[in-house]
Structures are given as structure tokens and as C-alpha cells.
Amino acid sequence: MNAIVPPAVEPEELAEIRRAVRALCAGFPGEYWRELDRRREYPTAFVAALTEAGFLAALIPEAYGGSGLTLRAAAVIMEEIQASGCNGAACHAQMYIMNTVLRHGSAAQKEKYLPKIATGELRLQAFGVTEPTSGTDTLSLRTTARREGDHYIVEGQKLWTSRAEHSDLMLLLARTTPRDQVSKRTEGLSIFLVDMGEALGNGLTIRPIRTMMNHSTTEVFFDRMKVPAANLIGEEGKGFGYILSGMNAERILIGAECIGDAKWFIEKAAAYARERVLFGRPIGQNQGVQFPIARAYVQMRAAELMVREAAEQYETGANAGAEANMAKMLAADASWAAADMCVQTHGGFGFAEEYDIERKFREARLYQVAPISTNMILSYVAEHVLGLPRSY
Ligand SMILES: Cc1cc2nc3c(=O)[nH]c(=O)nc-3n(C[C@H](O)[C@H](O)[C@H](O)COP(=O)(O)OP(=O)(O)OC[C@H]3O[C@@H](n4cnc5c(N)ncnc54)[C@H](O)[C@@H]3O)c2cc1C
């Protein structure tokens, strides 16, 4: 554990998880990530190691072969991955997408899929929601699924479907009832589990998108893709509600990742500021250098409390919408502020690939936008917490 960012007081079992994740991540140092980043390649060995250690099955109940841990424990896993300089974005979705199957799937679907997801035999880490024309406005999505006998026929396109090339299954949101035929605007969308191996070349096309960081994201096209009716999750038309209920866990876990990133940047900056000597003294002796580091630390610790509060609220079973959104926003802001501070503290060296800072900086920027952008969080808080009129 690093010296300047002590773990918050927490039960021994969580401290133990931290140590185990740290030990695993030590096998995947900066040069491993740098090389993959250059080639925009998937961290297969890292994901295999996490899977084998059972970390990605943290939230799957023991009855289905998972570890049945709490969301707080899962958050600790994701935080430590990031704090070690690794990138959990390659596989974080394997932890939480299955939540939709767990909460809303039939007994047969859970029996069929969850044990294999727990062992990693099946990867369910592609989530097809965003589309080019609808973006944040999910209810305007255009991908349709039309029932024909015992199948649905899917037509349309998704954008930013991350890890699609590294997933066996995709959770897909598509419109099953035209928008003008539903009484409530949130109805008429349904969730499907798509067997990507079967669909690839049979109506499913995946096209990678090269982005500013190594994220294995893609766009996917559906041309009369057949999905068995047995792969509909829950009730037809209720998919939007199912997606929303899973999003709180996602936001809390991503908030925890941002806390891990912030800790990595702060540790790195403080170490450098102690060692780099200019004008006969460490640069960290100058308040102009130490205050931004201290400020980033204070900001991170406050956000960390909100992430913990959100995880605890989620675990009570109560609606954690407000806390999950606030946690994600505060943590993403803390990681981005720490990233900027870390570059500044390192001067020119912050831009050099070998320091890993510029890579982590690029990776940290995403969380201002995805999986939900800051504006939409503020809109949520304005409307649902403060009772202000809906703005869109
Ligand atoms: C690398 C990456 C990976 C991703 N992975 C996935 C994935 O696996 N699956 C998936 O489904 N999606 C994924 N996404 C999509 C991501 O969730 C969206 O990019 C994000 O929700 C924003 O949507 P958008 O890009 O369409 O922006 P838009 O919706 O077009 O919004 C553009 C800007 O306008 C702002 N804005 C829009 N409407 C309003 C409003 N009413 N009030 C105020 N501001 C507004 C937004 O906040 C944003 O800043 C990923 C995106 C990226 C970049």
C-alpha cells in the first residue's frame, strides 16, 4: 500500500481484497500497458488473471459460482486496479452487466448463463445502448427488434459498444413497440442477450473505433440479426426500466475506478515532487507545487466518501440513484483534477510516454463523458433531488 494515500478505516476483509488485487496488478507494470496502448490491443493476459482470481465474479451470488461479495467489495477491487496503474475498463463490465440477468432474467436464463459468466467461460461485457443519432437521449433509439415466430429480427446500429470483439454475449436494448404506440414514453424498449458468436456474420457486423486511449470500443451493425425469443430478458417493453436499475451499480463502480485513478496520480505527483530538486530544493517544497497536490488529495478523499456512501445506500436495497450519480460525478472530477495536477507537477516529463502519466491522463478523461456525462448527472440532481423542472 502506498504511503501517502492510506486506506480509509475499513473491515479487514476489504483490506485483504486490496492486498490481493495489488499483488495481482504488480504483475502488470507500466510497460505492459504502454505496449498495448501503442498497438491498441486488448489486455488479454491481465483480464485472464483477474478472471482466474475470481475478481470479476465478485457480484455473482455463490449459488451461481460467484463470490457473492458486496458492491463495496467490488468497488474496492476496481479502485485498486486503477490505483495500481492498470486499466479496469477492459473488463469492468463483466462485473456489472450480468446484474440485469441476475435481477430480471428467468430462472432458466440464470442457470444457463451465470455459472459460465462466473468462471469466465462466457464473457458478458458488451452493452449496446448508445446509438449515433440518439446518444444520451436513449428513448429515441432506433434499433428495432420485431417478433417473427420464436425469434426477434433486429435491425439498426449501436455506437461505442465497448469490448464487443472480446465478448461472447451482448446485452442489447432495442425498440419492440413503436414510440407512437406506447402509453408511457419509457415503455416499448426491450432487453436481449445476444450470442455474438452465433450472430457474427449472420446479421451482426462489428467495426472497431480507434480512440484517444486504448478502449477496444466499436460500432455494431444489425442487419436482420436473429435473436431467439428465449433470449428476451424479463418482459417485452420493460427494458428501459431494467437498464436504469443496473446503472446505479455501474456508476458506483466507475466512481471507485476514478478514486483509484486519482490516488495513482496523487501518489505519482507527491513522489516526484519530493525527489525532483531545482534551485537547490525539492520542487514539492514550493507551495505552488504542494498545494495543488494537497488540493487533489482533499478532493479525492471527499469523493471517496461519496462513493462509499453510494455503495452502502445501494446495498440497503433502497434507490441509490442520487448517491450513485453524485459519486460518479465527484469521483470523475477528482480523478480529472488529479490527472491535470500530475502532468503539471511533472513539467515536461508528464508528456513522456515512459512515465505512464499521459496514458492515464487520456484514460481518465473518458469519465467526464461516459457512461453518463456530467450534464446529465446535474440534470438528474436538479430534477429528482431538488424538484426543479425537467430541462429536456
Ligand atoms: C470510449 C467510450 C466507450 C463507451 N462505451 C459504451 C458502451 O459500452 N455502451 C454504450 O451503450 N455506450 C458507450 N459509450 C457511450 C457513452 O455512454 C456516451 O458517449 C455518453 O452517454 C454521451 O452520449 P453521446 O456521446 O451520444 O453524446 P450526446 O448525447 O450527443 O451529448 C453531447 C454533449 O451534449 C451534452 N448534452 C446532451 N443533451 C443535453 C441536455 N439535455 N442538457 C445538457 N447537456 C446535454 C452531453 O452532456 C454531452 O456533453 C461509450 C463512449 C465512449 C466515448
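Residues numbered from 1 in each chain as written. Predicted model: local features only at pLDDT ≥ 70, side-chain atom pairs only at ≥ 80, totals over all residues.

1. Considerations on the overall build of the chain
Here's step 1: Scanning the chain from N- to C-terminus turns up 13 helices and 10 strands.
Here's step 2: The C-alpha extent of the chain, read off along each of the three principal axes, is 80 × 50 × 40 Å.
Here's step 3: Taken across its 392 residues, the chain has 48% of its residues classed as buried.
Here's step 4: Pairs at least 24 apart in sequence give 72% of the contacts found in the chain among residues at least 6 apart. (Helix = DSSP H or I, 4+ residues; strand = E, 2+ residues; numbered from the N terminus. Buried ≥ 20, exposed ≤ 12 C-beta atoms within 10 Å, placed from the backbone. Contact = placed C-beta atoms within 7 Å.)

2. Digging into the domain arrangement of the chain
Here's step 1: Here the chain is partitioned into domain 1 (12-119), domain 2 (124-239) and domain 3 (241-385).
Here's step 2: Computed over C-alpha atoms, the centres of domain 1 and domain 2 are 24 Å apart.
Here's step 3: On the side of domain 2, 14 residues touch domain 1, which itself brings 17 residues to the contact.
Here's step 4: Within the residue set of the side of domain 1 that touches domain 2, elements represented by two or more residues are α2 (30-39), α5 (92-96), α6 (98-104) and α7 (107-119).
Here's step 5: Considering each element in turn, the side of domain 1 that touches domain 2 owes the most residues, 4 residues, to α6.
Here's step 6: Split by residue class, the side of domain 1 that touches domain 2 holds 10 nonpolar, 5 polar and 2 charged. (Domains from an automatic or database assignment. Nonpolar A, V, L, I, M, F, W, Y, C, P; charged D, E, K, R; others polar.)

3. Focus on the nonpolar core
Here's step 1: Of all hydrophobic cores here, the largest spans 120 residues; its most connected members are Ala-74, Phe-192, Ile-252 and Val-307.
Here's step 2: The dominant element in this core, judged by the number of residues it contributes, is helix α9 (residues 239-275), at 17 residues.
Here's step 3: Contacts of Ala-74, omitting those with residues within four sequence positions, involve Ala-58, Leu-59, Leu-69, Met-95 and Leu-253. (Core = buried A, V, L, I, M, F, W, Y, C linked by C-beta atoms within 7 Å.)

4. Section: unusual backbone geometry
Here's step 1: For the peptide bond that leads from Ala-370 to Pro-371, omega is -5 degrees, which places it in the cis range.
Here's step 2: Along the polypeptide, Pro-371 turns up in the loop between α12 (357-365) and α13 (374-385).
Here's step 3: Even without being a glycine, Arg-40 presents a positive backbone phi close to 50 degrees.
Here's step 4: Summarising the element assignment, Arg-40 is placed in the loop between α2 and α3 (44-52).
Here's step 5: On the basis of neighbour count, Arg-40 is assigned to the partly exposed category, with 13 C-beta atoms found within 10 Å.

5. Remarks on the packing of helix α10 (residues 287-315) against helix α11 (residues 321-346)
Here's step 1: It is the contact of α10 with α11, at a shortest axis distance of 8 Å, that shows an interaxial angle of 160 degrees. In terms of orientation, α10 lies roughly antiparallel with respect to α11. For the crossing formed where α10 meets α11, the hand is left-handed.
Here's step 2: Partitioning the contact of α10 with α11 into residue classes produces 20 nonpolar, 4 polar and 2 charged. (Axes fitted to C-alpha atoms, helices over the stretch in contact; angles between N-to-C directions. Parallel < 35°, antiparallel > 145°, perpendicular 65-115°, else oblique. Left-handed = near helix turned anticlockwise from the far one by under 90°.)

6. Remarks on the site of the ligand
Here's step 1: Near the ligand there are 22 residues, and of these Val-129, Gly-135, Thr-136, Trp-160 and Ser-373 occur at the shortest range.
Here's step 2: No other element matches α13, which puts 3 residues into the shell around the ligand.
Here's step 3: Residue classes in the shell around the ligand are distributed as 10 nonpolar, 12 polar and no charged.
Here's step 4: Of the domains in this structure, domain 2 (124-239) and domain 3 (241-385) are the two that each give at least three residues to the shell around the ligand. (Near = placed C-beta within 6 Å.)

7. Brief notes about the packing of helix α1 (residues 12-25) against helix α4 (residues 71-83)
Here's step 1: Here α1 crosses α4 at 35 degrees, and the two axes come no closer than 9 Å. Of the two possible hands of crossing, α1 and α4 adopt the one that is right-handed. Between α1 and α4, the contacting residues are Leu-14, Ile-17, Arg-18, Val-21, Arg-22 and Cys-25 on the first element and Ala-73, Val-76, Ile-77, Glu-80 and Ile-81 on the second.
Here's step 2: Residue classes in the contact of α1 with α4 are distributed as 8 nonpolar, no polar and 3 charged.

8. Focus on the environment of Phe-127
Here's step 1: When you line up the elements, Phe-127 lands in strand β1 (residues 124-128).
Here's step 2: Once the C-alpha coordinates of Phe-127 and Ser-162 are considered, the two residues, 35 residues apart in sequence, prove to be 7.2 Å apart.
Here's step 3: Non-local contacts of Phe-127, meaning those with residues more than four positions away in its chain, are made with Ala-93, Ile-97 and Leu-171.

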